[in-house]
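# Per-entry structural report
Residue strings, one per chain:
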Amino acid sequence: MRDYLQEFLPDLDEFREKTMKFYDGEMSVAEYKGFSGGFGSYAQRGGQKHMLRLRMAGGRLTKERLKFIVEAQKKYGIDTIKITTCQSIQLHNLEAADLCELIEQAWKAGMISRGGGGDFPRNVMASPLSGVQQDEYFDVMPYAIEMGEYLMQFIKARKFPRKLKVCFSNGPKNEPHATFRDLGFVAREDGKFDVYIAGGLGNKPALGVKVAEAVEPTRILYYAKAMVETFIAHGNYENRGRARTRFMQDTLGVDGLKEAYLGKLQEALDSENLDIEITPVAVDKRTTKDLLSDRRVVAQKQDGLYAVFYQPIGGFLPVDKLAEIYDAVKDMEAVELRLTPEEGLYFINCNSMEAQKLLALTEDGAANLFETSVACVGCTICQVGVGDSSGMLMKCVERVRKENFADGVLPQIHISGCPSSCSAHQIGAIGFRGAVKQTADGPKPAFAIGIGGTPLQGEEKLAEVGKAITVEEIPEFLVELGKLVSDAKTTYDKWSKTHEEELLALVEKYTA
């Protein structure tokens, strides 16, 4: 395995120098952002505080990594920790003087943030329950980890037009959105992968283009090399707004894109030696009756083991919660944390006693489907944010709780502070995007709404985001919607399919 720590450590000297120049006012926000993103760090809104994004392939938060974060939180007084939709951990409100030391320590602890932002291959994602999920096609986690190691070699070697997101899905639920990422590997029942390229959300979203079927898992790195070379050859280096892989569907056409990609693939197959060997772990399917039942407990395919789900509201971990979690799991022999693409986490490989202990510890999390809603960090922290997405989610949860709706009456919603779709608002059953609405009383903070998105493999649909609802009215919109569904004694998922006109009328009422 390549020693990226020694390869990247010398880069920190320049990072220290430029971080202090920015802090002293000698670099602009734009100049610093263009540089610091490559280290997984950005200045927050206002320029006085910083964030750090720790990459961990597949969202694997091992006990060793968890211990480091807990110790760093205590040492530097970190008061805000967020789980991201790319299965990373973000540390917020960092002082410039602490940032460089923290980055170096994180790297030495095995969490290299290089390429965590900027125009680089980003954190490789995977289905969070991969390896333990009963109905998965096969365990994709080892391949995500292998891919994460491989892609880091391009961080210093090649200049990309923009970022490149790669992910692995273990089944049709498609949690990491493999069918509409820059490069997605989708597990099949026969133990092989289908490959999709050039998809993505944000401005002018696009579903991915399937370029290969029944790919042997041992050969995935050839497909990554082909994607890198296709992006470098045909990506837009002049216009950052059109520099993502999905715009190659426009410039080359779908057929032209396939031809270009397959050409680069053949070159890689002819000139590279990128075969990998991973020995699959044999697991007997569960044969015993589940002994533990709770809405947050998932029976694993390993007999007698469970995964426990925890969703801190908005992905923000309460102060000292990680320390409590570490104290609880440090002596649980096989337990590991897995971050989800929707800002939650699972504790996997728990026996029944461990699962019960972790359930009690995490009772402060989401109490129903609606409370698992996803929001990006928002404009109070993000430099480019338009709307306070996280604040909006907190207001909605607070208001909806007063109604005591049954679980499922309201869906999981996705709220992004800007068109970048960091919360994946375009695939939410209901999605919101930061905006401003002109009213009789003048412009007001608002969120544009879209309905009907879904990431399910074979049913993918990107919602068209339309008119806006003011921030003050969104909680009431959700309450009125919840009452309609509740009166029908059903769930939103079922109700929305049979009451489309009623749903659209309600949206129109609040967007008029």
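Just above, that's the structure.
Notes on the structure in this doc start here. Since the structure is predicted, the reported quantities are computational estimates derived from the model, not experimental observations. (Residues numbered from 1 in each chain as written. Predicted model: local features only at pLDDT ≥ 70, side-chain atom pairs only at ≥ 80, totals over all residues. Heavy atoms only, no water.)

With that settled, consider the packing of aromatic side chains. Considering all chains together, one arrives at 18 aromatic pairs under this definition. Ring centres of Phe35 and Phe39 lie 5.2 Å apart, and the angle between their planes is 45°; on these two criteria the pair is classed as tilted. Per residue, the accessibility class of Phe35 equals that of Phe39, and both read buried. Ring geometry for Tyr492 against Trp495: centres 6.4 Å apart, planes inclined by 35°, an arrangement best described as tilted. Of this pair, Tyr492 and Trp495 both sit in helix α14 (residues 492-498), three residues apart, which is roughly one turn of the helix. (Phe/Tyr/Trp six-rings, centres within 6.5 Å; stacked < 30°, edge-to-face > 60°. Buried < 20%, exposed > 50% of the residue type's maximum accessible area, 1.4 Å probe, protein only. Helix = DSSP H or I, 4+ residues; strand = E, 2+ residues; numbered from the N terminus.)

According to the stated counting rule, one finds 37 salt bridges in the structure shown. Note that Asp364 and Lys321 form a salt bridge whose closest N and O atoms lie 3.3 Å from each other. Taken together, the residues span a long stretch of sequence, with Asp364 in the loop between α11 (352-361) and β16 (374-375) and Lys321 in helix α10 (residues 321-329) at a distance of 43 residues. For Asp364, a relative accessible area of 36% translates into the label partly exposed. (Salt bridge = Lys/Arg side-chain N within 4 Å of Asp/Glu carboxyl O.)

Moving on, we come to the environment of Tyr510. Looking at the secondary structure, you find Tyr510 in helix α15 (residues 500-511). It is 7.4 Å that separates the C-alpha atoms of Tyr510 and Glu473, two residues lying 37 residues apart in sequence. The residues touching Tyr510, leaving out its near neighbours within four places in the chain, are Lys437, Ala468, Ile469, Glu473, Glu476, Phe477 and Glu480. (Contact = heavy atoms within 4.5 Å.)

Attention now goes to the nonpolar core. Counting residues in each nonpolar core, the largest one holds 62 residues, and the members touching the most others are Ile69 and Phe347. Setting aside chain neighbours within four positions, we find Ile69 in contact with Leu54, Leu61, Ile81, Ile89, Leu91, Met111 and Leu322. Counting 43 residues, the second largest nonpolar core, distinct from the first, contains Ala198, Tyr223, Met248 and Leu257. (Core = buried A, V, L, I, M, F, W, Y, C linked by side-chain atoms within 4.5 Å.)

Turning next to the side chain of Lys321. Note on Lys321: relative accessible area 7%, which makes it buried. Ignoring anything within four residues of it in the chain, the contact list for Lys321 reads Tyr310, Leu361 and Asp364.

Glancing now at the sheet that holds strand β11 (residues 297-299). The five strands lie next to each other as β3-β14-β15-β12-β11, forming an open sheet whose pairing is antiparallel. Strands at the two margins of the open sheet, each flanked by one partner only, are β3 (60-61) and β11. Relative to strand β14 (residues 336-339), β3 runs antiparallel, the two sharing two bridges. Paired with Leu61 across the bridge in β14 is Leu337. Packed onto the sheet, α11 meets β11, β12 (306-310) and β15 (345-350) and runs at close to 155° relative to β15. (Pairing = 2+ DSSP bridges. Axes fitted to C-alpha atoms, helices over the stretch in contact; angles between N-to-C directions.)

Take the sheet that holds strand β8 (residues 183-187) next. Strand order across the open sheet formed by five strands is β6-β7-β8-β9-β10, with mixed pairing between neighbours. With partners counted over all chains shown, the strands left at the sheet margins are β6 (125-126) and β10 (209-215), one partner each. In this structure, strand β9 (residues 193-197) lies alongside β10, joined through four bridges in antiparallel fashion. Following the sheet pairing, Ile197 is matched in β10 by Val209. In the packing of helix α8 (residues 220-234) onto the sheet, contacts are made with β7 (166-169), β8, β9 and β10, and the angle to β8 comes to roughly 155°. Lying on the sheet, helix α9 (residues 248-271) is in contact with β8, β9 and β10; it crosses β10 at an angle near 20°.

Taken by themselves, the reported measurements are silent on function.
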